[in-house]
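# Observations on the model geometry
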Amino acid sequence: MSCCGASPDFPEIDEVSRLVSTKLAAFLRTLRDNGFAVGLAEGQDAASLMASGYAAKPSLLRSALKHLFSARKSDWEKFDGLFDAFWLGKRVRSRSLTIGAAKAANSPSMKSLQDTSAERGNSQSAIDQVPSAGDAPEGQTGEGRMEGASRADNLAEVDFRKLADPEQVAQAHDAAARLAKAMRTRLTRRDLARRRGYRLDLRRTIHRNISHGGVPIALVKRQRKDKPLRLVVLLDASGSMSLYTSVFLRFIHGVLDEFRQAEAFLFHTRLAYISDAMKEKDAARALDRLSLLAQGAGGGTKIGESLKTFNRWHAARVIHSRTCVMIVSDGYETGDAALLGREMAALARRCRRIVWLNPMMAWDGYAPVAAGIKAALPHVDLYAPANTLQSLTALEPYLAKL
Amino acid sequence: MKDREQIARALAASGYIADGELATAIALMQRLRRPLLLEGEAGVGKTEVAKALASVHKTELIRLQCYEGLDQSSALYEWNYQRQLLAIQAHHGSEADAIEDQIFSEKYLLERPLLAAIRRATSPVLLIDEIDRADDEFEAFLLELLSDFQVSIPELGTIVATTIPHVVLTSNGTRELSDALRRRCLYHYVDYPDVDREARIIMVRTSGASASLSLQIAQMVESIRKEELRKVPGVAETLDWAAALVGLDVRDLHDDPDAVHETLMCLLKTREDKARLTREVSERLLGKVA
């Protein structure tokens, strides 16, 4: 290493390299805390890079390690900050010969790193971090996770209106993501089981029958791959829905993350396409981008108008033969109810299923008497309440049958 | 590092205007023998990186375009069934073993990109384009190939790589890639070039584009990218636009706002985007260009 003296003895080199590798191990741990997926192989490669001169300049080492340790765009973006905080924030020159990994973890600057990591806790690391974020020490993550799971159960019973606590909201998001994941696996497995050949595969038939001298005795059929289910969510963001909007947005974020094919739209008095904005990995940033798109949210609702826009401009692109459209709305239409009925009919002709989720349905004494919902209901395949996470989970078997 | 500087020079010589960190990535690829995973928006020049890499190493580029349903027989190898059948008919009557030995020999093997890439005399660049379009199963299979660099063909035995190719994977984010594959690779995020770099790219790629026009085009594209668009124009679109402007003999964007607005179709590829960038907007953006 460049910090060594001119001609050190061999034991000293061993000593220095041992300390450097301890320090490197601490850095790897910092990265893992921040959601990086780095393993032993990466650590070894990093050590060999440092040994071969990449450690001569911080900027060079940073660039090299960035390529090595990052695995996705979010990693790529936060790596520089982490590197600078770890290696440069503590003044590299006094890169200290006495600090081992265990000590480093308790030193103030490491602490601050860990704090920021907890703050940044994004969707990937949230699963582990949120439940154990309280006072559980690091060694007890197993217990922390169990506690988190039981808390999630409680949460499943709570009406969304009562979800104000940010931590609970994060758990709601987490649960939504889990639900979306469960839906997806069910669906793909079903796809595989249903495969059936319908066309002759000439090439493979010849191959199969080489042993008969080329006489086609055993036929090979070609199987068409099933299209995966596509979920299109239309979320009502009007004033009457404001209590539920943010939770459903998080649910949509989970859906877009987990489904192979999903699209999302937001509507109030007009329709906005939000899939691109919501594809941000970081839920908070997605919501920021969204708030720009959704100006005018929280006002009246023109469901019919919005559906008309959807049918005219988006339906051809986002709807295919295995599409389920999920409308999340309370059905309080301020526009023309007859128009809503017509557009619902047009939509029903296009897609496989329409699910209408109504958060108000679970309220005591609710009946679908609003003109809007009355006009829409004949075209809806499933009309269900959606005010708790449990009611969303109840949809899973229905979607799996699609 | 010496090899890094060499690579940076070679990249520049090949006509690829790289950002600073790409040279490091390529140097690491060589040193650590890891594949390079490139991610970025469509049209930022991910595929170009592989082409530049091939010209840096002065070697062949073998490309495998991924798509849904891509399988082993179109990615790795396949037997030439027709020829095998012909051979069976032609040698009718000879020993069964002899025929079998003959029809399952190299001569009847069709090389597909992955097999071709490990059997070259000099290491080629293997570009696995849009890996996110392939299925999960193919990704798992690829992972195995990329770690062992050997292929077993039941009828022929195991084929060990004669040379290890330089592997470049690109992804557009159609599907989330597995963590295993990501960990195996070096990662480089290709971003839209900044104004300066884009201007240089235009100058290198478009004959007849002067330095001042290139800079103006780059500035204009930069500000168009900041508008809320469905499809943000990539470098390829910029080059199309530059070629169109040069073709119309535009020397300075301010001279001919009409031509500028009318040729914007080179950049805007959806109806909504076209509607959003009205005459007023394009003139406002043009006003900001130096």
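What you see is a predicted model, and the numbers here were worked out from it, not measured in a lab.

With that settled, consider the overall build of chain B. Helix and strand counts for chain B stand at 15 helices and 9 strands. Taking all 290 residues of chain B together, the buried fraction comes to 34%. Sequence separation of 24 or more characterises 77% of the internal contacts of chain B that already satisfy a separation of 6 or more.

All names here are of chain B. The 5 strands lie next to each other as β2-β5-β8-β1-β9, forming an open sheet whose pairing is parallel. A single partner strand is all that each edge strand has here, and the edge strands are β2 (61–65) and β9 (186–189). Within this sheet the neighbouring strands show an average axis-to-axis angle of 20 degrees, counted without direction. Examined bridge by bridge, strand β5 (residues 125–129) and strand β8 (residues 166–171) share 4 bridges and lie parallel to one another. By the bridge assignment, Leu126 is partnered in β8 with Val167.

Let us now look at the interface of chain A and chain B. It is common to report an interface's size as the accessible area lost on association of the parts. Contacts between chain A and chain B engage 23 residues on the former and 21 residues on the latter. Among the elements that make up the side of chain A that touches chain B, the one with the highest residue count is helix α3 (residues 58–69) of chain A (5 residues). When grouped by side-chain class, the residues that make up the side of chain A that touches chain B number 9 nonpolar, 8 polar and 6 charged.

All names here are of chain A. With their axes 10 Å apart at the nearest point, helix α2 (residues 40–51) and α3 run at an angle of 160 degrees to one another. In terms of orientation, α2 and α3 fall into the roughly antiparallel class. Once α2 is placed against α3, the crossing between them reads as right-handed. Between α2, through Glu42, Asp45, Ala46 and Leu49, and α3, the contact on the second element is made entirely by Ala64, Leu65, Leu68 and Phe69. Residues belonging to the contact of α2 with α3 are distributed by class as follows: 6 nonpolar, no polar and 2 charged.

Residues and elements named next belong to chain B. At Lys58, a residue that is not glycine, the phi angle is positive and equals roughly 50 degrees. Checked against the element boundaries, Lys58 lands in the loop between α3 (46–56) and β2. With a phi close to 65 degrees, Asp249 is a non-glycine residue in the positive phi region. One can find Asp249 in the loop between α12 (235–247) and α13 (257–263). Looking at Asp249, the number of C-beta atoms within 10 Å reads 10, which means it is exposed.

The next subject is the confidence of the model for chain A. Residue and element names in this part refer to chain A. Of the residues in chain A, 61% have a pLDDT of 70 or more, and the chain-wide mean is 69. Least confident of the elements in chain A is helix α7 (residues 123–132), whose mean pLDDT is 34; most confident is α3, at 89. Between residues 90–164, whose pLDDT stays under 50, and residues either more than four places distant or in other chains, the model counts 83 contacts. A low-confidence stretch, residues 187–196 stays under pLDDT 50, and its non-local contacts, those more than four residues away or across chains, total 10 contacts.

Criteria and cut-off values
- The written sequence of each chain sets the order in which its residues are numbered from 1.
- All chains are assigned letters beginning with A, and all ligands numbers beginning with 1, in the order in which they are written.
- In keeping with the predicted nature of the model, local features appear solely for residues at pLDDT of at least 70, side-chain atom pairs appear and are counted solely at 80 or more, and the whole-chain, interface and lining totals rest on all residues.
- Only DSSP runs of H or I covering at least 4 residues are called helices, and only runs of E covering at least 2 are called strands; the numbering of each starts at the N terminus.
- With C-beta atoms placed from the backbone, a residue is buried if 20 or more other C-beta atoms are within 10 Å of its own, exposed if 12 or fewer are, and partly exposed between those counts.
- A pair of residues counts as a contact when their C-beta atoms, built from backbone coordinates, are separated by no more than 7 Å.
- A strand pair is defined by DSSP finding two or more bridges across the two strands.
- Orientation is described by lines fitted to C-alpha atoms, with helices fitted over the stretch in contact, and by angles between N-to-C directions that extend from 0 to 180 degrees.
- All amino acids are sorted into three groups, where Ala, Val, Leu, Ile, Met, Phe, Trp, Tyr, Cys and Pro are nonpolar, Asp, Glu, Lys and Arg are charged, and the leftover types, Gly among them, are polar.
- Oblique is the label for every angle not falling under 35 degrees (roughly parallel), over 145 degrees (roughly antiparallel), or within 65 to 115 degrees (roughly perpendicular).
- Note on convention: near helix rotated counterclockwise from far helix by under a right angle means a left-handed crossing. Clockwise means right-handed.
- pLDDT measures the predictor's confidence residue by residue and takes values from 0 up to 100.

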